Amino acid sequence: MTIAAKQKYETVIGLEVHLQLNTATKIFCGCANKFGEAPNTLTCPVCLGLPGSLPVVNAKALEYAMKVGLALNCKVNPFVKFDRKNYFYPDCPKAYQISQFDLPICSNGYLMIETEEGEAKEIRINRAHLEEDAGKLIHDDKNNCSLVDYNRTGTPLMEIVTEPDLRSAQEAYNYLQNLKLTLQYLNVSDCDMEKGSLRCDANISIRPMGAIKLGTKTELKNMNSFKAVKAGLEHEIHRHMAALESGQAIIQETRLWDETRAMTFAMRSKEEAHDYRYFPEPDLVPFMMEGAAIETTRKSLPELPAKKRERLMEQYRVSAYDANILIQDPALADFFEECSKHYKDTKTICNWINGPLMKELNTRKTRLADIGLRPEDFTVLMHKVNEGILSNLAAKDILRFMIDTQRSVDTIIEEKGLAQVSDDSTLEKLVQELIKEHHNIAEQIRNGKESAIGFLVGQAMRKSQGKANPKKIGGLIKKLLT
Amino acid sequence: MELNRQTAHELLDLLKNKKTTPEAILDSVHKQIQKSDKDVKAYVRLNQNKVDPKTANSRSVPIPIGIKDNMCILDEETTCSSRILKGFKAPYDATVIEKLKKSGAILIGNTNMDEFAMGSSTENSCYGATHNPWKLDCVPGGSSGGSAAAVAASEAIWAIGSDTGGSIRQPASFCGVVGLKPTYGRVSRYGLIAFASSLDQIGPITKDVTDSALLLNVIAGYDERDSTSVNAPVPDYRQALKNNVKGLKIGIPKEYFVQGLHPEVKNAVMAAIEALKNKGATFKKVSLPHTEYGIATYYITATSEASSNLARYDGVQYGIRELPKKTRKSPLLDMYDETRHVGFGAEVKRRIMLGTYSLSSGYYDAYYLKGLKVRTLIKNDFDKLFSEFDALIGPTSPTTAFKIGDKVNDPLSMYLSDIYTVSANLSGIPAISVPCGFSKERLPIGLQIMAKPFAEEMLFRIAYTYEQNTDWHKQSVNL
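Residues numbered from 1 in each chain as written. Chains lettered and ligands numbered in written order. Predicted model: local features only at pLDDT ≥ 70, side-chain atom pairs only at ≥ 80, totals over all residues. Heavy atoms only, no water.

### Some remarks on the layout of surface pockets
Residues and elements named next belong to chain A. Quick reminder of the rule: Think of a 1 Å grid over just the protein atoms. A cavity is a set of points where a 1.4 Å probe fits yet cannot get out, a pocket is an open set with protein on both sides within 12 Å along at least five of seven lines, and lining residues have an atom within 4 Å of a point. Grid points are joined across faces, edges and corners, and a volume is the space filled by probe spheres set on the points. Strands here are runs of E lasting at least two residues and helices are runs of H or I lasting at least four, both read from the DSSP assignment and numbered beginning at the N terminus. Each residue gets one of three labels, nonpolar for Ala, Val, Leu, Ile, Met, Phe, Trp, Tyr, Cys and Pro, charged for Asp, Glu, Lys and Arg, and polar for the others, Gly among them. Note that domain bounds follow an automatic or database assignment of domains.
Quantified by volume, the second largest pocket comes out at close to 1,200 Å³. Elements with a contribution of two residues or more to the lining of the second largest pocket: helix 2 (59–71), strand 6 (106–114), helix 3 (169–186), helix 6 (305–316) and helix 8 (330–339). The leading source of residues in the lining of the second largest pocket is helix 3, at eight residues. Its residues placed into classes, the lining of the second largest pocket shows 17 nonpolar, 11 polar and nine charged. Both domain 1 (3–293) and domain 2 (303–416) contribute no fewer than three residues apiece to the lining of the second largest pocket.

### Considering the packing of helix 10 (residues 375–386) of chain A against helix 11 (residues 392–405) of chain A
Residues and elements named next belong to chain A. For clarity, the threshold we go by: Helix axes are fitted only over the stretch in contact, all axes being lines through C-alpha atoms; the angle between N-to-C directions runs from 0 to 180 degrees. Our angle categories are set so that under 35 degrees counts as roughly parallel, over 145 as roughly antiparallel, 65 to 115 as roughly perpendicular, and the remainder as oblique. Two helices that cross are described as forming a left-handed crossing if the nearer one is turned anticlockwise from the farther one by less than a right angle, and a right-handed crossing if clockwise. Whether two residues touch is decided by their heavy atoms; if any such pair falls within 4.5 Å, the residues are in contact.
With their axes 10 Å apart at the nearest point, helix 10 and helix 11 run at an angle of 165° to one another. The angle between helix 10 and helix 11 falls in the class roughly antiparallel. Regarding helix 10 and helix 11, the two cross each other, and that crossing is right-handed. Between helix 10, through Asp-377, Phe-378, Leu-381 and Val-385, and helix 11, the contact on the second element is made entirely by Asn-392, Ala-395, Ile-398, Leu-399 and Met-402. Residue classes in the contact of helix 10 with helix 11 are distributed as seven nonpolar, one polar and one charged.

### What to know about the pattern of salt bridges
This is how it is decided: Put simply, a salt bridge is a Lys or Arg side-chain nitrogen that is within 4 Å of an Asp or Glu carboxyl oxygen. Residue burial is assigned from relative accessible area. The probe radius is 1.4 Å, only protein chains are included, and a residue is buried under 20% of its type maximum, exposed over 50%, and partly exposed in between.
Inspection of every chain in the model, using the stated rule, returns 54 salt bridges over all chains. Note that Arg-189 of chain B is salt-bridged to Asp-283 of chain A, the shortest N-O span being 2.9 Å. Taken as a pair, Arg-189 of chain B in the loop between strand 5 (178–181) and strand 6 (201–206) and Asp-283 of chain A in the loop between strand 15 (279–280) and strand 16 (287–288) lie in two separate chains rather than in one. Judged on exposure class, the residue Arg-189 of chain B and its partner Asp-283 of chain A are both buried. Through salt bridges with shared partners, one network takes in Glu-303, Lys-308, Arg-311, Asp-334 and Glu-337 of chain A.

### Some thoughts on the state of the cysteines
Put simply, the rule is: For this text, the term disulfide refers to a pair of cysteine sulfurs within 2.5 Å.
Taken as a whole and judged by the stated rule, the model has zero disulfides over all chains. Between Cys-47 of chain A, a cysteine without a disulfide, and Cys-31 of chain A, which holds the nearest cysteine sulfur, the sulfur-to-sulfur distance is 3.8 Å. Of all cysteine sulfurs in the structure, the one in Cys-80 of chain B sits closest to Cys-72 of chain B, which takes part in no disulfide; the separation is 7.9 Å.

### Topic: the interface of chain B and chain A
In plain terms, the rule: The term buried area denotes the loss of accessible surface (1.4 Å probe radius) that occurs when two parts are joined, taken as the sum for both partners. Within 3.5 Å is the distance limit for a polar contact, defined as a pair of N or O atoms, with the added protein rule that one can donate a hydrogen and the other accept it, and that residues adjacent in sequence qualify only through two side-chain atoms.
Taken together, the 38 residues of chain B in the interface contact 30 residues of chain A. Summing both sides of the interface, chain B and chain A together bury roughly 2,700 Å²; the carbon and sulfur share of this comes to 59%. There are one salt bridge connecting chain B and chain A. In this assembly, chain B and chain A are joined by 15 residue pairs in polar contact (both at pLDDT 80 or more). Contributions of two or more residues to the side of chain B that touches chain A are made by helix 9 (294–309), helix 10 (331–343) and helix 11 (346–359) of chain B.

Read these as spatial facts, not as claims about activity.
Okay, here's the thing in structure tokens:
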């Protein structure tokens, strides 16, 4: 397709995110809300939908839903009402899902994202409601049967639905990243797409640039990672455009993203469209939340990523680049702020966090909270480098040993003998040895080839196992040879 | 003395004075069942109960009780008299069962009912019809017909039923016993297999009003497992048993005395009103203007909820599973279709279809939503009257028990036998049916008293006063 053709159309995307809330127990019973346990071990009469059982709303799930709504700038409805969504499927043991139909707990919110052009853009949230998750079906082809695991049945879900405000696959990706980050700050979900704790479906259509009427949409499912969302959307947008360009009509349908074949295909025709026969759940009497509940929750919200980014830049004069890295993990940002109490130069702290520390975390595939590093110990490294006691190289080594052994900087310096040598007589002896060993090079320096000094400094560092103070070595070479 | 013909409170007195034992009481009940249940068919299942002498003394109420077959009992089969639930054993006790067990009650067995409590005659049962002890070719009423018949035939000292549109009161009326539908939320529904969740309520079926109060004492109360149960204090209902209605204002809804009300029933009810008037209550004709919409509203609401509540019987987890001989749609859909085709009776299927229709997109507003609105109007009618009156009084059912088979093919006329009882369920108020006479054919007639929410004490007071001044409750069948 030509670029001209691409520019003829505007892409319109709306996302539906299903978010598993990480409450300790399920939404309508006391069973544990856990992933990866033996099948059907986390069940009771209520989540199995046994005859006579009744649901009771988990107050924590309501609180988490409020948190999500408030973080997404939604209006929280204090009147809590649930509805039944009726459908037959073996993963749904009551043959209805308890959900919210006409009165979602949260509505009319927004989340800010950055467009590809780097501009801030508001993505409106139509609604976010609470519901229960279904069980898991496992098809056993060998024995020609289907098995049901009800462990997931009744775990709390939030469905977060945007308005059709997204204009590209990249914007959708950015929205999801921002959403995930915001939700992680709230600590209400693992947000792990691979594990299914965050699932995303998309509605896609395209229309001629400037048109008001929306084009025919398709619904895209089965995107199991953030990258898959982007790839799936890109593919689907391309398919829409190619179809319209060749004069074909888009069929309104649900399509599945096939990761391995990198294409989408139709799931089923809409003739099987369900009539869910929603009606108010008579087993849960609607109720008003206490007047203070919403305000209390609002006050309990942590500082959210966008706010934190802004504040870090203003309060610590941190660059946008550094701030963006720091806010990816609230623990990291907190760590930075703690460090700033022990070391004045925030740029250096950022460099240390975003460089060596991130490298250590990445190679260990771990999070800051898990390595037991204290800000006061971490900043000792910067002080020692600044005072010339440690070389940068040695300091990085020490950081690794600190994380591995949980020992203090001083102990490690002593044990490994890593203190930088700045003592003039020791260094002069070293330089004189080098001049002897590399008399050709020394001669060149004497003849004014200053660029050769670096070679000798390098040799000095090697000979001293990185302990020699390179600045002093450079000075001594100059002094002795020029 | 035949112990099984006594009331529970009489037996408790005897036990207290060591004049009998729990074993002797249970034995007399078992003997009666052996003698007459082949004709009455009140029970669908008997538990092999033995009284443990060690625990008998510490038990406060070691009285044999019949349980309607729609309440979950740990490790016992519960079927709602439906083929589809054959073999289902609950892994838990309903809250009411838990309370009964704790009180020392001896659960004799499960009593017959209309399938999933859908019916007014206990004919819609996969186990066959229950017969009215007063006249064996008549129905006992329904849907708690087994419980009412068991108590009337002295095959249980008392029993538990459930009432969605009159299912305790109408059979109590037909069998000449006392049946109470408590306020919605007074008794936990946890473990009661749902017919229509917003209407169902568990209540006692007993030989007299005192027993009704005693049994309500055992089963009433807030339950955190049932969000619709109400967290309000439970009084000692025995304290309400006062032979005194002086100064009480009681309304007589004129809509309950219209065409269709059998003259014998009307005369008996008017005589009861006269008796209470003589004891100092004042009566006034009042109006519940939306009564005529009661049956329609009830059948829309109840069937809608039922269509959803009964969707879980799909052959996947429990109960029966049927597969057709030839594949029709897909293995899964075929299993659903065949299981439900074989498992449900005609009346249940009819109501599932009605309810599914009312909830369907395009019809929801005209049926379910309209029903909800009319329900509010009906409730408002009652609220208005209860601001002025202590209670309302009228017949429980327009007729006495009808012949088995008479209305099986005429669902609409069957539905109309609930015309005076559905309003209490739609508005959530408590109502009681007490015996108030007999027809020429010697079939019992019931008097219904209704009061505002949580005014069960008012019902007991009026019913008790009436009972103390009449002897209908002392008349019993000897089978």
